[in-house]
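Chain residues, written in single-letter form:
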Amino acid sequence: MKVLKRYANRRLYDPETSKTITLEDVAEMIIAGEEIKVIDNMSGADITPKILGQTFLKVSLGQRNEEFSNYMLSALIRETGKDISALFGRLVLGGIGLAYLTKEKMDRILQSMVALGELRLEEVKSYREDLLTHLAQRASENSEQIQEDLKKVGRELEEGGEKELAVEDLSEKIRKIAERVKETESL
């Protein structure tokens, strides 16, 4: 985990590189899979959620899709005011951030849900098992669909002599199969 510091002048600093960094730099670290923690240099407080929120705003508004940014932020505000454990489950099952969710991170998230009263200690094991079962089912369903799609493309290739198969059409089908394979790998 990379620890960053924020100084009184509101600048972010990376002690490893001895350089000042921007929110865009923070976004690049996160996109690259880096876990970060941001400490306020004056108080020693962990201000990571605040910096992540600012980073999301900076990045999403930089894409000039204000409608999406407004929708996403409003949805998150609404959802976090409700059942956090249900939101976490939907995020994971939706594949959002799944590639970076380790067992340790999941355990820390579940422990914080218990500490905040969102989940009872005796529910943690069944919650985790239910989530993993649903993920396994989705991976299995995706795998079956990929196999069917590959068989279909194979049949179309075999029938290629009878009917002309456009290279663009075949390329598009293979691209869609590759997307499903990538999605299944992240599960």
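It should be emphasised that the depicted structure is a prediction, and the values quoted were computed from it without experimental measurement.

About the cut-offs
- Residues numbered from 1 in each chain as written.
- Predicted model: local features only at pLDDT ≥ 70, side-chain atom pairs only at ≥ 80, totals over all residues.
- Heavy atoms only, no water.
- Helix = DSSP H or I, 4+ residues; strand = E, 2+ residues; numbered from the N terminus.
- Areas by Shrake-Rupley, 256 points an atom, 1.4 Å probe, with all protein chains shown as cover.
- Pairing = 2+ DSSP bridges.
- Axes fitted to C-alpha atoms, helices over the stretch in contact; angles between N-to-C directions.
- Core = buried A, V, L, I, M, F, W, Y, C linked by side-chain atoms within 4.5 Å.
- Buried < 20%, exposed > 50% of the residue type's maximum accessible area, 1.4 Å probe, protein only.
- Contact = heavy atoms within 4.5 Å.
- Expected span 1.5 Å × (residues − 1).
- Arc of directions from axis to C-beta.
- pLDDT = per-residue confidence, 0-100.

Whenever I open this one, the overall build of the chain confuses me. Can you help?
Of the regular secondary structure elements, the chain holds 7 helices and 4 strands. Reading the helices (α) and strands (β) of the chain from amino to carboxyl end gives β-β-β-α-β-α-α-α-α-α-α. Accessible surface, the chain as shown: approximately 13,100 Å² in total, 54% of it carbon and sulfur.

I would appreciate a short explanation of the sheet that holds strand S2 (residues 12-14) in the present structure.
Within a beta sheet, neighbouring strands are joined by backbone hydrogen bonds and run either parallel or antiparallel to one another. Spatially, S3-S2-S1-S4 is the arrangement adopted by the 4 strands of the open sheet, whose pairing is mixed. Of all strands in the sheet, those with a lone pairing partner are strand S3 (19-21) and strand S4 (36-40), marking the two edges. Neighbour to neighbour, the strand axes of the sheet diverge by 35° on average, direction disregarded. Of the pairings in the sheet, the one linking strand S1 (residues 2-6) to S4 comprises 5 bridges and is parallel in character. Along S4, the bridge assignment pairs Arg6 with Asp40.

Teacher, can you tell me more about the nonpolar core here?
Buried together is how nonpolar side chains tend to be arranged in soluble globular proteins. Listed in full, the 11 residues of the largest apolar core are Phe88, Val92, Leu98, Met106, Leu110, Met113, Leu119, Val124, Tyr127, Leu131 and Leu135. Tallying contributions element by element places helix H6 (residues 124-158) first for this core, with 4 residues. With near-sequence residues (within four places) excluded, Met113 lies in contact with Ile84, Ser85, Phe88, Glu118, Leu119 and Tyr127. Membership of the second largest hydrophobic core comes to 10 residues, among which are Leu12, Ile21, Leu23 and Val38.

I tried to follow unusual backbone geometry on my own but got confused; where do I start?
Peptide bonds are, in most cases, trans, and in most cases residues other than glycine have a negative phi. Of note, Ser18 is a non-glycine position whose phi angle comes to about 60°, a positive value. By secondary structure assignment, the location of Ser18 is in the loop between S2 and S3.

How do you make sense of helix H5 (residues 103-115) when you look at a structure like this?
Since there are 3.6 residues in each turn of an α-helix, residues three or four apart along the chain are aligned in direction. Between the first and last C-alpha of H5 there are 18 Å, a value that for 13 residues agrees with the 18 Å anticipated at 1.5 Å per step. Listed as buried for H5 are Met106, Asp107, Leu110 and Met113. One side of H5 holds all its buried residues, which, seen down the axis, span an arc of 120°. Summarising the geometry of H5, the exposed residues directed more than 90 degrees from the buried face are Gln111 and Ala115. Of the residues flanking the end of H5, it is Gly117, one or two places downstream, whose phi is positive at about 80°.

How should the confidence of the model for the chain be read in this particular structure?
A low pLDDT means the predicted coordinates there should not be read in detail. Looking at the chain, pLDDT values average 80 and 83% of them are 70 or higher. For the chain, helix H7 (residues 167-186) is the element with the lowest average pLDDT, namely 64, and S4 is the one with the highest, namely 94.

Would you mind going over the pairing of S1 with me for this structure?
A regular strand carries its side chains on alternate faces of the sheet. Going residue by residue along S1, you find Lys2, Leu4 and Arg6 tucked away on one face and Val3 and Lys5 left uncovered on the opposite face. Here S1 runs beside S2; their pairing, made up of 2 bridges, is antiparallel. In the sheet register, Arg6 faces S2, and the bridge partner there is Leu12. In textbook terms, the turn of a hairpin is the stretch between consecutive antiparallel strands, and for S1 and S2 this stretch comprises 5 residues, one of which, Arg10, has a positive phi near 70°.

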